[in-house]
Protein chains: 2
Amino acid sequence: MAAVDLVVVGSVGIDSIETPLEKRSNLLGGSATYACAAASLFARAGMVGVVGNDFPAEFMESYRRFSINLDGLRQVAGPTFRWSGVYQQDFINRETISTELGVFAGFKPDLPECYRDAPFLLLGNISPELQLQVLDQIRRPRLIAADTMDLWIRTARPQLLDLVKRIDLLMLNDAEARLFTGRHNLCACAEALLELGPRHVVIKKGEHGAMLFSRRGTTILPAFPLPDPRDPTGAGDMFAGATMGVLAGRGQTGETDLRHAFAYGAVVAAFGVESFSLEGLTGLTRNKVENRLRELRGMIECGPV
Amino acid sequence: MAAVDLVVVGSVGIDSIETPLEKRSNLLGGSATYACAAASLFARAGMVGVVGNDFPAEFMESYRRFSINLDGLRQVAGPTFRWSGVYQQDFINRETISTELGVFAGFKPDLPECYRDAPFLLLGNISPELQLQVLDQIRRPRLIAADTMDLWIRTARPQLLDLVKRIDLLMLNDAEARLFTGRHNLCACAEALLELGPRHVVIKKGEHGAMLFSRRGTTILPAFPLPDPRDPTGAGDMFAGATMGVLAGRGQTGETDLRHAFAYGAVVAAFGVESFSLEGLTGLTRNKVENRLRELRGMIECGPV
């Protein structure tokens, strides 16, 4: 069993997605899927999750093509988690049509030995209770990031508050930051969230990019403009996965390193939303990522003061 | 009569504004007011507009403190244009409570001789018919920018189409760009707008900044993050005014110059929305603007690729 640089826990599922332009079903999805695939471009990433015995062999093959370590992925009797949703005209707001938890309902993360010394940990969007269970099994983490969502902010606030005390980096979107803090202004939201414990807070703003707030200062991360996005599912997970992958691959945890890694995250997520499922990341190379990163830099450059 | 570098036409009005935090009435407002004040930090700006005989002497004094050339501002019998509005929690969406056109209803712009050779022209948000009348009176413009709004897109599309053929730079917000083109994606909107004639299109996104689209490429202009905005009224006008002021003060019209000037626009607008009316621009110096511009640069910086 090979050691991994980064452990990623999250959902693994089979998605059916409708956008204003098209409809696709039986897609490989889930937060762990998107985050691990993005991270694997830069580091040895290991996945913690569960699938049912209906999980297609081709999906496992897809993970292997991304060189994702699967020692932490359990396959058990029962149906795999399934989600279907419809995106609105803005390609951001979406309606969930159905959620079938399947084997995910009984998920109890149990990390293989080769994951427990991993220095980097990404707690993808699952319940804070499960996120805490994973955190407890990691021996000496150097950097812990966690994502969350409105459901847990509403229904599991005490556990979420426990969690955010123990992580370095909290990632959530603008609506979630507002819900969590009861404030509207994003700078004010970030200030309130930093008070809860994490050293860094990332507020994701979809097509408008993201902002990284730390006690030392604020970083603006513009999104790469896309004329033709096809499927925004997993954008936040790919952003988080690529960011943590870059840090884990380099063994870096500093503020400047984080800013640098986030720029990679923004660019990888942009590739990801150009196609459904993992199609946008398939065949992606560091070279392609860095070319687009240079392009993004060029768009932000506005000359000397 | 002194020559001016930049002519600005727009509304001049007396505003009453309610935000989620406070309520203020009898404020100096209007698109020409905000744009000229912002431009005057960088260039000799002349205002084209009309006010009634109720226009307070202190407002005229305020213009003079900004060194705005007032040869093109007419004072006539009747009431000054008045607007009142209420901002929602997001400090972006607003409801107009009342609009009293007053002397603005009969406004026929007639440019003083000393304005007609001005090389830079900013057509603030008024009807395209009036914008065209001003344009016809300028003899040899080097750079013409125009702002517009949903009202004219809905009610004066033929005149607006005439106008955009004759300008270099069209500025509008994201909702207006979508309304004008019938597309949703902002890259697609910009492509459609560039087809109509202007060399450059700026799509403003409020707290998310703005984007500059040209045939040669795209520029992302992040907004300066503000923890405590007080009044967003005039933000777009200050952005446009400062941008055109920087260009007019330097006599520049190139693509790189434009990008550079826009960064100034973003920063000046951020100062402006920290207070009501022109309070945020009062006492503002180039030095303060450039310090904040350096701060904004620092926030976007994310290291080498």
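All values derive from a computational prediction rather than experimental measurement.

A. A look at unusual backbone geometry. With a phi close to 55°, Asn26 of chain A is a non-glycine residue in the positive phi region. Considering the arrangement of structural elements, one finds Asn26 of chain A in strand E3 (residues 23-29).

B. Highlighting the packing of helix H8 (residues 235-250) of chain A against helix H9 (residues 255-272) of chain A. Residues and elements named next belong to chain A. In contact at an axis separation of 7 Å, H8 and H9 are set at 140° when each is read in the N-to-C sense. The angle between the axes of H8 and H9 places the two elements in the oblique class. In this structure, the crossing between H8 and H9 has a hand that is right-handed. Judged by residue contacts, Ala235, Met238, Phe239, Ala242, Thr243, Val246, Leu247 and Arg250 of H8 engage Asp257, Leu258, His260, Ala261, Phe262, Tyr264, Gly265, Ala266, Val268, Ala269 and Gly272 from H9.

C. Here's a closer look at the environment of Leu130 of chain A. Residue and element names in this part refer to chain A. One can find Leu130 in helix H3 (residues 128-137). In the structure, Leu130 is positioned 23 residues away from Phe107 in sequence and 8.4 Å away in space, judged by C-alpha atoms. In this view, Leu130 contacts Phe107 and Pro109; residues no more than four positions away in its chain are not counted.

D. Looking closely at the interface of chain A and chain B. With 38 residues of chain A at the contact, the number on the chain B side is 38 residues. Between chain A and chain B, a total of about 3,000 Å² is buried, with carbon and sulfur atoms accounting for 59% of that surface. Across the chain A-chain B interface, the total number found is two salt bridges. We note a salt bridge from Glu207 of chain A to Arg178 of chain B, for which the minimum N-O separation is 3.8 Å.

E. Quick peek at helix H2 (residues 57-65) of chain B. Residues and elements named next belong to chain B. Turning to H2, its buried residues number three or more, namely Phe59, Met60, Ser62 and Tyr63. Axial view of H2: buried residues confined to an arc of 155°, hence all on one face. Those residues of H2 that are exposed and angled more than 90 degrees off the buried face are Ala57, Glu58 and Arg65. Buried residues along H2 sit in contact with strand E2 (13-18), strand E3 (23-29), helix H1 (31-39), strand E4 (45-51) and strand E5 (73-75). Two residues or fewer past H2, Ser67 is found with a positive phi of approximately 60°.

F. Layout of the sheet that holds strand E2 (residues 13-18) of chain A. All names here are of chain A. Taken in spatial order, the four strands of this open sheet run E3-E2-E6-E7, and their pairing is mixed. Either end of the sheet is taken by a strand with one partner, and the two such strands are E3 and strand E7 (94-100). Along the sheet, successive strands turn relative to each other by an average axial angle of 20°, direction set aside. Across the sheet, helix H2 (residues 57-65) touches E2 and E3, and the angle it forms with E3 is around 60°.

G. Molecular detail of the relation of the copies chain A and chain B. For the pair chain A and chain B, the relating rotation is 180°, the translation along its axis is 0.0 Å, and the fit reaches an RMSD of 0.0 Å. The superposition of one copy onto the other is thereby described by a two-fold rotation axis. Closest to the rotation axis within chain A is the C-alpha of His208 of chain A, separated from it by 3.1 Å.

H. Representation of the packing of aromatic side chains. According to the stated counting rule, one finds twelve aromatic pairs over all chains in the structure shown. Ring centres of Phe55 of chain B and Phe59 of chain B lie 5.5 Å apart, and the angle between their planes is 70°; on these two criteria the pair is classed as edge-to-face. For the pair formed by Phe55 of chain B and Phe59 of chain B, the shared burial category is buried. Arranged with centres 5.6 Å apart and planes meeting at 45°, the rings of Phe81 of chain B and Phe104 of chain B form a pair that is tilted. Linking Phe81 of chain B in the loop between E5 and strand E6 (82-87) with Phe104 of chain B in the loop between strand E7 (94-100) and strand E8 (120-123), this pair joins segments that are 23 residues apart in sequence. The structure contains a cluster of three or more aromatic residues connected by ring pairs, namely Phe55, Phe59 and Tyr63 of chain A. The lysine or arginine in question, Arg292 of chain A, covers the ring of Phe271 of chain A, its NZ or CZ lying 3.8 Å from the ring centre.

I. Summary view of the nonpolar core. Judged by nonpolar contacts, the single largest core of 230 residues is most densely connected at Tyr63 of chain A together with Tyr63 of chain B. Setting aside chain neighbours within four positions, we find Tyr63 of chain A in contact with Val12, Leu28, Thr33, Met47, Phe55, Ile68, Leu70 and Leu73 of chain A.

J. Quick peek at the pairing of strand E13 (residues 217-221) of chain B. Residues and elements named next belong to chain B. Of the strand pairs in this sheet, strand E12 (residues 210-214) and E13 are connected by five bridges, and their pairing is antiparallel. Within E13, the residue paired with Leu212 across the bridge is Thr219. Hairpin connection between E12 and E13: a loop of two residues separates the two successive antiparallel strands.

K. Expanded view of the pattern of salt bridges. Residue and element names in this part refer to chain A. Counted under the stated rule, the structure contains 32 salt bridges over all chains. The closest approach of N and O atoms between Asp110 and Arg116, which form a salt bridge, is 3.3 Å. Assessed through its relative accessible area of 44%, Asp110 is described here as partly exposed. Across the pair Lys165 and Asp162 runs a salt bridge, and its minimum N-O distance is 3.9 Å. Of the two residues, Lys165 and Asp162 are both situated in helix H5 (residues 157-165); the distance of three residues between them amounts to about one turn of the helix. The partly exposed category is assigned to Asp162, whose relative accessible area is 40%. One salt-bridge network, in which partners are shared between bridges, spans Glu113, Asp117, Arg139 and Arg140.

L. Focus on the pairing of strand E11 (residues 200-204) of chain B. Residue and element names in this part refer to chain B. Counting buried positions along E11 gives five out of five residues, so the element sits mostly inside the fold. Both faces of E11 are covered, namely the face carrying His200, Val202 and Lys204 and the face carrying Val201 and Ile203. Pairing analysis gives five bridges linking strand E10 (residues 169-173) to E11, with the strands arranged parallel. Considered in E11, the bridge of Leu170 is made with Val201. The sheet contact formed by E11 and E12 spans five bridges and is antiparallel. From the neighbouring strand, Ile203 faces E12, where its bridge partner is Met211. Adjacent in sequence and paired antiparallel, E11 and E12 are bridged by five residues, among which Gly206 carries a positive phi angle near 60°.

Calculation criteria
Residues numbered from 1 in each chain as written. Chains lettered and ligands numbered in written order. Predicted model: local features only at pLDDT ≥ 70, side-chain atom pairs only at ≥ 80, totals over all residues. Heavy atoms only, no water. Helix = DSSP H or I, 4+ residues; strand = E, 2+ residues; numbered from the N terminus. Axes fitted to C-alpha atoms, helices over the stretch in contact; angles between N-to-C directions. Parallel < 35°, antiparallel > 145°, perpendicular 65-115°, else oblique. Left-handed = near helix turned anticlockwise from the far one by under 90°. Contact = heavy atoms within 4.5 Å. Buried area = accessible area lost by both parts, 1.4 Å probe. Salt bridge = Lys/Arg side-chain N within 4 Å of Asp/Glu carboxyl O. Buried < 20%, exposed > 50% of the residue type's maximum accessible area, 1.4 Å probe, protein only. Arc of directions from axis to C-beta. Pairing = 2+ DSSP bridges. Least-squares fit on C-alpha atoms with pLDDT ≥ 70 in both. Phe/Tyr/Trp six-rings, centres within 6.5 Å; stacked < 30°, edge-to-face > 60°. Lys NZ or Arg CZ within 6 Å of the ring centre and 35° of its normal. Core = buried A, V, L, I, M, F, W, Y, C linked by side-chain atoms within 4.5 Å.

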